[in-house]
Amino acid sequence: MKKTNGKTLYLECYSGISGDMTVAALLDLGADQDVLMAGLESLNVDGYSIKIGRKEKCGIDACDFDVVLTKGLECDWNPDHVQDHTHEHEHAHEHDHEHGHTHEHEHGHKHEHTHDHEHSHDREHTHDHDHTHDHGHTHDHDHTHDHDHTHDHGHTPDHSHRHAPALSKNQEHIHIHTHSSSDHDHPHGAPHIHLGHHDHRNLLDINRIIETSSISPNAMELAKRIFHIVAVAESRAHRKPVEEVHFHEVGAVDSIVDIVAVAVCLDNLDITDVIVTELYEGTGHIRCQHGILPVPVPAVANISADHDLPLHITSIKGELVTPTGAAIVAAIRTKDSLPKNFKIRGIGLGAGKRSYENSTGILRAMIIEDMAAAETSDRVWVLETNIDDCTGEALSFCMEQLFKGGAKDVFYTPIYMKKNRPAYMLSVICSGDMIPLMEDIIFTNTTSIGIRRHEDTRTILSREFRNIATPYGEAIIKVCTNNGKQYFYPEYDSVRKLCSISGQDYMTIYSLLQQLAQERK
């Protein structure tokens with residue numbers, strides 16, 4: 001992600017994973033809440049508020065991140081887009097609800113929704129909903145409307161409780177609606193979004209919302225990558241081209257917030273490697289607008305297949321891995337196994353919204369440090385281009401710029417090209433996030449018109465740099481470790497400088513520095 005020497009994150013998904021669980025765990029791990037809120041506010045999306053607090057799950061204190069839909073918009077959840085959602089849970093809760101929802105609209109139509117509820121319930125459980133709709137009207141999608149909602153529940157409502165969030169996130173068929181420019185005034189012409197149920201949003205629409213925000217470029221690209229993964233999975237599930245997929249779960253305001261929040265928090269924590277060993281998933285079926293679906297739901301199964309995500313199917317009746325959670329793992333996972341020896345440098349616990357037997361309902365996130373003294377595995381990208389019409393001076397300058405830009409290594413290899421012309425192959429080793437900068441430097445400073453690239457792995461020794469004092473001044477030594485044995489390599493610039501000061505030859509100073517480093521280790 002942001003830096004090549006950043007932190008390693010381990011996500012322990014023994015209770016599955018969802019977007020809100022991930023955000024909560026990262027906040028608990030130390031992500032800056034002010035940075036997160038500033039990033040979310042810049043999305044120009046409304047119709048929600050954020051609640052960040054603590055929740056006890058199985059006696060364990062965890063952070064709770066909740067996207068609360070604005071009062072008056074909750075009715076868009078069940079009546080128009082969500083029908084008959086049932087999780088077959090093994091818990092002793094029965095919910096019969098009776099809600100009467102009447103929706104009056106200025107454009108002259110009336111909705112009547114009847115829900116049978118007799119309840120005392122917890123929002124973490126999902127219920128069977130039977131909806132009776134009496135519309136008696138036609139919809140014109142090109143209108144602006146106001147909603148007056150009258151609710152007759154037959155009981156005193158608890159406004160801290162919402163029925164909708166108990167639904168599995170992949171079932172939330174809520175869409176976003178763009179206000180006209182006269183509704184709100186926002187800088188840079190950014191679209192202002194509110195929750196509504198008459199517009200559908202595709203991947204391009206979601207990307208525009210993200211691109212007009214002020215979050216960092218790294219967080220922006222990560223959020224877009226997560227959405228793209230879900231889009232591909234949904235396109236396969238519905239047999240539609242990606243550009244024709246209209247988002248349901250990920251188009252909902254709370255899922256836009258969850259995904260962007262994850263990207264912002266990961267960037268803020270300076271995470272560069274993410275380890276996810278396996279995803280614990282439930283079993284059984286869920287009932288949604290598309291009918292009865294097996295667990296894992298199609299989107300999660302497709303993401304798992306496309307990105308080689310290891311699933312561990314449990315006996316828990318219900319959905320533990322949401323499409324958003326699976327997409328997050330697919331987008332950020334760099335390793336699938338823990339190092340043999342490591343130290344834990346930080347722990348964050350994110351609370352889930354639902355409760356199941358034999359599951360804590362917590363996502364644990366840990367910052368870890370690999371303690372292997374010998375070697376470390378590293379993933380890098382190799383960029384290559386063949387050049388036969390560029391001066392040696394230009395190639396030398398290009399190498400300098402590539403190293404200044406953050407390349408891990410740069411080298412030229414003499415080759416022969418077509419018509420037997422002598423040439424050079426420029427090779428650059430860099431991290432994935434540095435590719436755009438490296439390619440721009442090459443195109444700007446050489447005559448290259450094409451660059452090959454491929455991802456590779458390498459084995460590197462752990463290393464550190466030390467300053468040591470000498471009779472001629474300070475010098476920098478690179479210290480590498482392999483199987484407990486240390487090796488000392490004086491830096492070239494330091495050797496050259498001390499040669500100039502002392503009048504000694506290169507090998508004499510080099511040997512002196514190695515000897516001093518060995519004595520002071």
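Our structure's up above, just so we're on the same page.
Residues numbered from 1 in each chain as written. Predicted model: local features only at pLDDT ≥ 70, side-chain atom pairs only at ≥ 80, totals over all residues. Heavy atoms only, no water.

J.: I would appreciate a short explanation of the overall build of the chain in the present structure.
T.: Across its full length, the chain carries 12 helices and 23 strands. Within the chain, the proportion of its 521 residues that are buried is 49%. Look at the contacts in the chain between residues 6 or more apart in sequence, and 70% of them connect residues 24 or more apart. When the accessible surface of the chain is totalled, it reaches about 25300 Å², and 47% of it is carbon and sulfur. (Helix = DSSP H or I, 4+ residues; strand = E, 2+ residues; numbered from the N terminus. Buried < 20%, exposed > 50% of the residue type's maximum accessible area, 1.4 Å probe, protein only. Contact = heavy atoms within 4.5 Å. Areas by Shrake-Rupley, 256 points an atom, 1.4 Å probe, with all protein chains shown as cover.)

J.: I keep staring at the pattern of salt bridges and nothing clicks. Help me out?
T.: Side chains carrying opposite charge are able to pair once their charged atoms draw close together. Tallying each qualifying case throughout the model produces 17 salt bridges. The partner of Asp 28 in a salt bridge is Arg 54, and the shortest N-O contact between them spans 2.9 Å. Separated by 26 residues along the polypeptide, Asp 28 in helix α1 (residues 19–29) and Arg 54 in strand β2 (residues 48–57) bring together distant segments of the chain. Residue classification places Arg 54 among the partly exposed positions, given a relative accessible area of 46%. Residue Arg 466 is joined to Glu 464 by a salt bridge in which the shortest nitrogen-to-oxygen separation is 3.2 Å. Each of the salt bridges in this network shares a partner with another, and the network as a whole consists of Asp 20, Lys 55, Asp 64 and Lys 353. (Salt bridge = Lys/Arg side-chain N within 4 Å of Asp/Glu carboxyl O.)

J.: Explanation requested: unusual backbone geometry in the structure shown.
T.: Excluding glycine, most residues fall at negative phi; most peptide bonds, likewise, are trans. Put simply, Val 295 and Pro 296 share a cis peptide bond, and its omega is 5 degrees. Here Pro 296 shows up in the loop between β14 (291–294) and α7 (298–307). With phi around 55 degrees, Cys 58 is a residue other than glycine that occupies positive phi space. For Cys 58, the position within the fold is in the loop between β2 and β3 (60–69). When its relative accessible area of 59% is taken as the criterion, Cys 58 is described as exposed. Unlike most non-glycine residues, Arg 239 shows phi in positive territory, near 55 degrees. Counting through the fold element by element, Arg 239 comes out in the loop between α5 (217–238) and α6 (253–268). Overall, Arg 239 belongs to the exposed group, its relative accessible area being 78%.

J.: Looking at this structure, how should I read the environment of Gly 6?
T.: The residue Gly 6 is located in the segment before β1 (7–12) in this model. Note on Gly 6: relative accessible area 23%, which makes it partly exposed.

J.: How should I be thinking about the environment of Asp 336 in this particular structure?
T.: Topologically, Asp 336 is positioned in the loop between α8 (323–332) and β16 (342–351). When the C-alpha positions of Asp 336 and Pro 310 are compared, they lie 8.5 Å apart, and in sequence the two are 26 residues distant. Ignoring sequence-local partners within four residues, the contact set of Asp 336 consists of Ile 275, Val 276 and Thr 277.

These results come straight from atomic positions and should not be treated as a statement about function.
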